[in-house]
Amino acid sequence: MNCKAIAASVLAASALTVSLHAQRMIAIDSGRNISTVDLTTGTKTAIGQTTTNAGTTAGFAYDGVTGKLYLTSSSLDSVFLVDMSDWSAKLIGSYGLASVVMHGIEWDTSTNTLYGAGIAGEIYTVDTTTGQATLVGNTGLSSFTNLGYDLVNDTMWMTVSGSTDSLFSVDRTSAAATLIGPLVNSTNPNSLAWSIDDLNLYLADNSTDNLYTIDRTTGAANLIGPMGSGNVLGMAYIPGTGRLTRTPHGCGTVDVFVTGNPNIGAVSYTHLTLPTS
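Quantities reported herein were computed from a predicted structural model and do not represent experimental measurements.

Novice: Tell me about the overall build of the protein, and please be specific about residues and values.
Specialist: The secondary structure content of the protein amounts to one helix and 24 strands. Here the protein holds 277 residues, and 53% of them are scored as buried. For the protein, the share of sequence-separated contacts (at least 6 apart) that also reach a separation of at least 24 residues comes to 48%.

Novice: Kindly report on the sheet that holds strand β19 (residues 210-214), identifying the contributing residues and their values.
Specialist: Within the open sheet, the four strands sit side by side as β17-β18-β19-β20. Their pairing is antiparallel. Since the sheet does not close on itself, it has two edges, and those belong to β17 (189-194) and β20 (221-226), each with one partner. On average, adjacent strands in this sheet sit at an angle of 25° to one another, irrespective of strand direction. Bridge analysis of β19 against β20 gives five bridges, and the strand direction is antiparallel. Across the sheet, leucine 211 pairs through a bridge with glycine 225, a residue of β20.

Novice: Requested: an account of the confidence of the model for the protein, with residues and values cited.
Specialist: With 78% of its residues at a pLDDT of 70 or more, the protein shows a mean pLDDT of 83. Contacts from residues 241-245, a stretch scored under 50 in pLDDT, to residues over four places away or in other chains number 31 contacts. Low pLDDT (under 50) marks residues 257-277, which in the prediction has 66 contacts with non-local residues, meaning those over four places away or in another chain.

Novice: How would you summarise the pattern of salt bridges if you had to cite specific residues and measurements?
Specialist: When the charged atoms of two side chains lie near each other, side chains of opposite charge can form a pair. A complete count under the given rule lists three salt bridges for this structure. Across the pair arginine 172 and aspartate 154 runs a salt bridge, and its minimum N-O distance is 3.1 Å. With arginine 172 in the loop between β15 (166-170) and β16 (177-182) and aspartate 154 in the loop between β13 (145-150) and β14 (155-160), the pair connects residues that are 18 residues apart, well separated along the chain. By relative accessible area, which is 23% here, aspartate 154 ends up partly exposed. Within this structure, Asp108, Asp154 and Arg172 form a network of salt bridges that share partners.

Novice: Explain the pairing of strand β3 (residues 33-37) to me, and be specific about the residues and the numbers.
Specialist: Remember that side chains alternate between the two faces of the sheet whenever the strand is regular. Of all five residues that make up β3, four are buried, and the element is covered over most of its length. Sheet topology note: the strand β2 (residues 24-29)/β3 ladder contains four bridges and is antiparallel. For alanine 27, the partnering residue across the bridge sits in β3 and is serine 35. In this antiparallel pair of consecutive strands, β2 and β3, the connection spans three residues, and arginine 32 shows a positive phi of 80°.

Novice: Explain the packing of aromatic side chains residue by residue, including any values.
Specialist: Think of a pair of aromatic rings as described by two things: how far the centres are apart, and how the planes are tilted against each other in angle. Per the counting criterion, the structure on display carries one aromatic pair. Consider the rings of tyrosine 70 and tryptophan 107, whose centres lie 5.5 Å apart with planes at 10°: the pair is stacked. Remark: tryptophan 107 occurs in strand β9 (residues 104-108) and tyrosine 70 occurs in strand β6 (residues 68-73); sequence separation between them is 37 residues. For the pair formed by tyrosine 70 and tryptophan 107, the shared burial category is buried.

Novice: Outline the side chain of arginine 32, listing residues and values.
Specialist: Assignment of secondary structure puts arginine 32 in the loop between β2 and β3. Of the side chains with opposite charge, aspartate 29 lies nearest to the buried arginine 32, which makes no salt bridge, at 7.7 Å. A polar contact is formed between the side chain of arginine 32 and the backbone oxygen of threonine 50, at a distance of 2.5 Å.

Novice: Outline the sheet that holds β2, listing residues and values.
Specialist: Spatial ordering of the open sheet is given by β4-β3-β2-β21, a layout of four strands whose pairing is antiparallel. Taken across any chain shown, the strands that pair with only one partner, and hence form the sheet edges, are β4 (44-49) and β21 (232-238). Taken pair by pair, the neighbouring strands of this sheet meet at an average axis angle of 30°, ignoring direction.

Novice: An account of the environment of alanine 98 is requested, with residue identities and associated values reported.
Specialist: Along the chain, alanine 98 turns up in the loop between β8 (89-94) and β9. Separated by 21 residues in sequence, alanine 98 and aspartate 77 place their C-alpha atoms 7.4 Å apart.

Novice: I'd love a proper account of the environment of threonine 218, names of residues and values included.
Specialist: Among the secondary structure elements, threonine 218 is positioned in the loop between β19 and β20. On a C-alpha basis, the gap between threonine 218 and glycine 181 in space is 5.2 Å, while along the polypeptide they are 37 residues apart. Threonine 218 has contacts with Ile180, Gly181 and Pro182, leaving out every residue within four places of it along the chain. Within the structure, the side chain of threonine 218 is placed 3.2 Å from the backbone nitrogen of alanine 220, a separation counted as a polar contact.

Novice: With reference to specific residues and values, describe the nonpolar core.
Specialist: Counting residues in hydrophobic clusters, the biggest one holds 24 residues, and the most contacted among them are Ile123, Leu147, Met158, Leu201, Leu203 and Ile214. Those elements that place two or more of their residues in this core are β10 (113-117), β13, β14, β15, β17, β18 (201-205) and β19. Tallying contributions element by element places β14 first for this core, with four residues. If we skip the residues at most four places from it in the chain, methionine 158 touches Ile123, Thr139, Leu141, Thr145, Asn146, Leu147, Ser166, Leu167, Phe168, Ala177 and Leu192. Of all hydrophobic cores here, the second largest spans 15 residues; its members include Ile34, Leu69, Val82 and Ala236.

Conventions adopted
Residues numbered from 1 in each chain as written. Predicted model: local features only at pLDDT ≥ 70, side-chain atom pairs only at ≥ 80, totals over all residues. Heavy atoms only, no water. Helix = DSSP H or I, 4+ residues; strand = E, 2+ residues; numbered from the N terminus. Buried < 20%, exposed > 50% of the residue type's maximum accessible area, 1.4 Å probe, protein only. Contact = heavy atoms within 4.5 Å. Pairing = 2+ DSSP bridges. Axes fitted to C-alpha atoms, helices over the stretch in contact; angles between N-to-C directions. pLDDT = per-residue confidence, 0-100. Salt bridge = Lys/Arg side-chain N within 4 Å of Asp/Glu carboxyl O. Phe/Tyr/Trp six-rings, centres within 6.5 Å; stacked < 30°, edge-to-face > 60°. Lys, Arg positive; Asp, Glu negative; His and termini not counted. Polar contact = N/O pair within 3.5 Å; in protein donor to acceptor, adjacent residues only side chain to side chain. Core = buried A, V, L, I, M, F, W, Y, C linked by side-chain atoms within 4.5 Å.

Take a look at the structure:
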């Protein structure tokens with residue numbers, strides 16, 4: 001496909017500006033229960049429950065440009081779209097793979113792509129119209145994998161539970177994982193979420209039921225506080241007051257702008273360059 005055709009396909013989905021939802025971290029457990037999370041204390045507050053058709057709920061991913069919240073079901077090997085007005089889940093489709101157990105999913109704002117992580121170390125892209133998962137590669141790290149995308153540094157972070165219990169960065173073109181360091185204080189990491197408001201990477205551990213921030217230079221998990229009992233498997237950060245705008249420039253770059261956010265101000269991040277042929 002040439003640059004003109006690629007640019008045209010990006011334009012329809014990317015030339016968007018939408019208002020951001022009220023600032024909050026939300027979490028979901030394996031029993032479909034949804035809570036807000038206090039980022040200063042770690043405390044969860046129940047706000048609803050998603051619908052039974054979602055099966056065992058295992059992870060969230062939020063697209064701040066379109067305002068869409070995606071949900072992965074590890075029992076149904078499928079992806080859903082969640083209505084944040086009543087938390088109902090609408091099936092998008094099956095991943096098309098048997099027993100993939102897609103535990104971690106995350107939205108990459110720079111490329112408008114939903115990524116997923118399988119239990120055997122695989123990294124996939126997920127079609128948000130059909131649910132079909134396409135293999136990118138294998139990290140070589142098998143167990144429950146969590147993903148968190150950092151827009152400012154254009155980095156996909158990853159934690160893996162089990163004997164590894166460490167922070168990695170992951171290459172989104174090859175799935176190659178680079179070790180940052182051990183989490184030290186977390187023994188069963190089960191969800192990651194990056195906040196555009198305070199630029200922190202947050203981690204929930206469902207063995208200790210604690211919330212942490214992660215030092216992205218060492219990998220160490222720093223305790224915030226107890227979340228309360230519950231098998232939290234997914235988190236997503238809904239940004240504060242402001243707007244996101246993603247603007248394509250033909251065969252050049254795609255800029256992601258954040259404006260009106262009281263903690264960031266008017267800034268822009270440029271990550272995606274379309275091919276020229």
